Amino acid sequence: MQFLTGKAARLRIGGAALTLLAACSGIAQATSYTMYRDPGCGCCKVWAEHVRSALKAQVAVIEARDMNLVAAQRGVPANLRSCHTLIADGYVIEGHVPAADIARLLATKPKGVVGLAVPGMPLGSPGMEAGGQKQPYEVIAFGPGGERVFSRHGQPTAR
């Protein structure tokens, strides 16, 4: 068995991610997406455009002044809340979750997962691009069994 390192490994992983996203595009297109957002928040519009573009999906937007209430009604733990909440095929997507993670969730439908969340508003996450600045962040899967890391983004690469 041959192990890849460096650029070859990154290319293989990137290719696999693109293949998964392409395979999931049919699922993404068949899914209904409804995003709740505070009317005063601009990053939510940018994130919704990321989802529309990457998943080739229609995203209905509902203005909601009390986003804590919206998230609470959908079972998002207080420590995972952010500035917008999306409902996709019954799953709750909280905050700046990358479209590729949404596609993977919809394709794999992991048991015990109610949704995904990116707590807060990390720089460099979709909708929070800030002149190339990036903070490492995790996408957290949550559900009745608790919370676990679903994916990591912006982590330093091993050399």
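Before going into details, it helps to say that this report is about the structure given with it.

Scoring rules and cut-offs
- Along each chain, residue indices are assigned from 1 in the same order as the chain's sequence is written.
- Under the rules for a predicted model, residues below a pLDDT of 70 receive no local features and side-chain atom pairs below 80 are neither given nor counted, while totals for whole chains, interfaces and linings still include all residues.
- With hydrogens and water set aside, each side-chain value is computed from the structure's full complement of heavy atoms.
- Every case where a carboxyl oxygen of Asp or Glu lies within 4 Å of a side-chain nitrogen of Lys or Arg is listed as a salt bridge.
- Here a strand is any run of E in DSSP of at least two residues, a helix any run of H or I of at least four, and the numbering for each starts at the N terminus.
- Axis lines are fitted to C-alpha atoms, over the contacting stretch for helices. Their N-to-C directions set the angle, which ranges from 0 to 180 degrees.
- Note on terminology: angles under 35 degrees are roughly parallel, angles over 145 are roughly antiparallel, angles of 65 to 115 are roughly perpendicular, and the others are oblique.
- Handedness of a helix crossing follows the sense of rotation of the near helix relative to the far helix, less than a right angle counterclockwise being left-handed and clockwise being right-handed.
- Any pair of residues with heavy atoms lying within 4.5 Å of one another is described as a contacting pair.
- Gly is placed with the polar residues, together with every amino acid not listed as nonpolar (Ala, Val, Leu, Ile, Met, Phe, Trp, Tyr, Cys and Pro) or charged (Asp, Glu, Lys and Arg).
- Criterion for a disulfide: a pair of cysteine sulfur atoms at a distance within 2.5 Å.
- Any residue under 20% of the maximum accessible area for its type is buried, any over 50% is exposed, and the rest in between are partly exposed; the area is computed with a 1.4 Å probe on protein chains only.

**Re the pattern of salt bridges**
For the structure on display, the rule yields four salt bridges. Here Glu63 makes a salt bridge to Arg37, at a shortest N to O gap of 2.9 Å. Taken together, the residues Glu63 in strand β2 (residues 59–63) and Arg37 in strand β1 (residues 33–37) connect sequence positions 26 residues apart. The partner of Arg52 in a salt bridge is Glu49, and the shortest N-O contact between them spans 3.8 Å. Highlighted residues: Arg52 and Glu49, both in helix α2 (residues 43–55), separated by three residues, approximately one helical turn.

**Thoughts on the packing of α2 against helix α4 (residues 99–108)**
Relative orientation of the contacting elements α2 and α4 amounts to 55°, with a least axis distance of 9 Å. When the interaxial angle is binned, α2 and α4 end up oblique. Where α2 crosses over α4, the two elements pack in a sense that is right-handed. Between α2, through Trp47, His50, Val51, Ala54 and Leu55, and α4, the contact on the second element is made entirely by Ala99, Ile102 and Ala103. In terms of residue class, the contact of α2 with α4 is built from seven nonpolar, one polar and no charged.

**Comments concerning the state of the cysteines**
Under the counting rule described, the total for this entry stands at zero disulfides. The cysteine Cys44 is free of any disulfide, with Cys41 supplying the nearest cysteine sulfur at 3.2 Å. The exposure class assigned to Cys44 is buried, which follows from its relative accessible area of 0%. Cys43 provides the cysteine sulfur closest to Cys83, a residue in no disulfide bond, and the two sulfurs are 3.6 Å apart.

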